[in-house]
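What follows is the residue order along each chain.
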Amino acid sequence: MPPDDAARPYHHGQLRDALVDAGLELARTGGPDAVVLRAVTRAAGVSHNAAYRHFADRDALLRAVCERCMSRLASLMEQRIAEVTEAAPQAEPQAAAWARLGALGQAYVEFATTEVGWFRTAFAVPDTAEAFHPTEGVGPGGLGPYDLLSAGLDELVAAGAVPAERRPGLEYAAWSAVHGLSTLIIDGPLRALPVDERERALTVVLDSVTRGL
């Protein structure tokens, strides 16, 4: 996983970052419900009123923490794609494209099951807040999870693995599959599955996605 940002000392002029860092750590263990102004300001070592210099209310703060969690997800997805690419640099284009798409799905479920609080928070943007902008919730490469998936699907088309006429909207099917599995594992009836069975479930879902594309 990417290195943690929390526990970074607060310096004058960096209060907003300090508050978001504190919220990120609270979300890691407690999910979005743990991101409350009083707890965050206490963790950052500032007064409760200090938060209002940068955030109009708790929802605004939570949105910032959600955005950071989404960035963590995107970063892990990028990392897993890079590892697959480095492991087989001479792979045939179609095989390489399928491997990278599989790495995206595996990274998604990995993040959900190893960073449950962050995963829940990434998708907990309040109804009162606006959706992420294109430059928010992204990894080091400047792409968010949805954009990484889109790029992976485009690569399949470019490699001749998926017909171009079938390309529109495939993000919905692929994302729904891995997000649904992730939710069933961390919050649903698949919570009791042992690790090896979780891996088998992921393999089945990814195989199904591949056949469906």
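Before any of the text, the structure's been laid out above.
Residues numbered from 1 in each chain as written. Predicted model: local features only at pLDDT ≥ 70, side-chain atom pairs only at ≥ 80, totals over all residues. Heavy atoms only, no water.

A. The overall build of the protein, seen in detail. Assigned secondary structure in the protein consists of eight helices and zero strands. The C-alpha radius of gyration computed for the protein amounts to 19 Å, which stays within 12% of the reference 17 Å derived for 213 residues, consistent with globular compactness. Expressed as lengths along the three principal axes of its C-alpha atoms, the size of the protein is roughly 55 × 35 × 30 Å. Looking at the protein residue by residue over its 213 residues, the buried ones come to 44%. A sequence separation of at least 24 residues applies to 73% of the contacts in the protein between residues at least 6 apart. (Helix = DSSP H or I, 4+ residues; strand = E, 2+ residues; numbered from the N terminus. Rg over C-alpha atoms; globule rule 2.2 N^0.38 Å. Buried < 20%, exposed > 50% of the residue type's maximum accessible area, 1.4 Å probe, protein only. Contact = heavy atoms within 4.5 Å.)

B. Representation of the state of the cysteines within the structure. Inspection of the entire model under this criterion finds zero disulfides. Summary of cysteine pairing: C66 is not part of a disulfide, and the nearest cysteine sulfur, belonging to C69, is at 6.6 Å. The buried category is assigned to C66, whose relative accessible area is 0%. Judged by its relative accessible area of 0%, C69 falls in the buried class. (Disulfide = S-S within 2.5 Å.)

C. Fine view of the side chain of R63. Within the fold, R63 resides in helix α3 (residues 58–87). Only 3.1 Å separates the side chain of R63 from the backbone oxygen of A131, close enough to count as a polar contact. With near-sequence residues (within four places) excluded, R63 lies in contact with V125, P126, A129, E130, A131, F132, H133 and E136. (Polar contact = N/O pair within 3.5 Å; in protein donor to acceptor, adjacent residues only side chain to side chain.)

D. Region of the structure containing the packing of aromatic side chains. Applying the stated criterion across every chain, the model contains six aromatic pairs. Ring centres 6.4 Å apart and planes at 50° place the aromatic pair Y108 and F123 in the tilted group. You can see Y108 sitting in helix α4 (residues 93–114) and its partner F123 sitting in the loop between α5 (116–122) and α6 (145–158), a full 15 residues away along the chain. A relative accessible area of 2% places Y108 in the buried class. What links up through ring pairs into an aromatic cluster is the set Y108, F119, F123, Y146 and W175. (Phe/Tyr/Trp six-rings, centres within 6.5 Å; stacked < 30°, edge-to-face > 60°.)

E. Representation of the pattern of salt bridges within the structure. According to the stated counting rule, one finds 10 salt bridges in the structure shown. Across the salt bridge formed by R80 and E110, the nearest N and O atoms sit 2.7 Å from each other. Taken together, the residues R80 in helix α3 and E110 in helix α4 connect sequence positions 30 residues apart. Residue classification places R80 among the buried residues on the basis of a relative accessible area of 18%. Between E171 and R167 there is a salt bridge; the shortest N-O distance is 2.5 Å. By the burial criterion, E171 is buried, and R167 matches it. (Salt bridge = Lys/Arg side-chain N within 4 Å of Asp/Glu carboxyl O.)

F. The side chain of S150, seen in detail. As for its placement among the helices and strands, S150 is situated in helix α6. What makes S150 buried here is its relative accessible area of 12%. Ignoring sequence-local partners within four residues, the contact set of S150 consists of R167 and E171.

G. Inspection of α4 at higher detail. Between its terminal C-alpha atoms α4 stretches 31 Å, which fits the 32 Å expected from 22 residues at 1.5 Å a residue. The residue sitting at the N-terminus of α4 and contributing the capping side-chain oxygen is E92; that oxygen lies 3.1 Å from the backbone nitrogen of Q94. (Expected span 1.5 Å × (residues − 1).)

H. Highlighting the environment of D147. Along the chain, the position of D147 falls in helix α6. According to the relative accessible area criterion, D147 is partly exposed, its value standing at 34%. Taking C-alpha positions, D147 is 13 Å from F132, a pair spaced 15 residues apart along the chain.

I. Local environment of the packing of α6 against helix α7 (residues 170–187). Relative orientation of the contacting elements α6 and α7 amounts to 120°, with a least axis distance of 10 Å. The angle between α6 and α7 places the two elements in the oblique class. Handedness of the α6/α7 crossing: right-handed. Between α6, through P145, Y146, L149, S150 and L153, and α7, the contact on the second element is made entirely by L170, E171, Y172, A174 and W175. Class assignment for the residues of the contact of α6 with α7 results in eight nonpolar, one polar and one charged. (Axes fitted to C-alpha atoms, helices over the stretch in contact; angles between N-to-C directions. Parallel < 35°, antiparallel > 145°, perpendicular 65-115°, else oblique. Left-handed = near helix turned anticlockwise from the far one by under 90°. Nonpolar A, V, L, I, M, F, W, Y, C, P; charged D, E, K, R; others polar.)

None of the figures reported here should be taken as evidence of function without further support.
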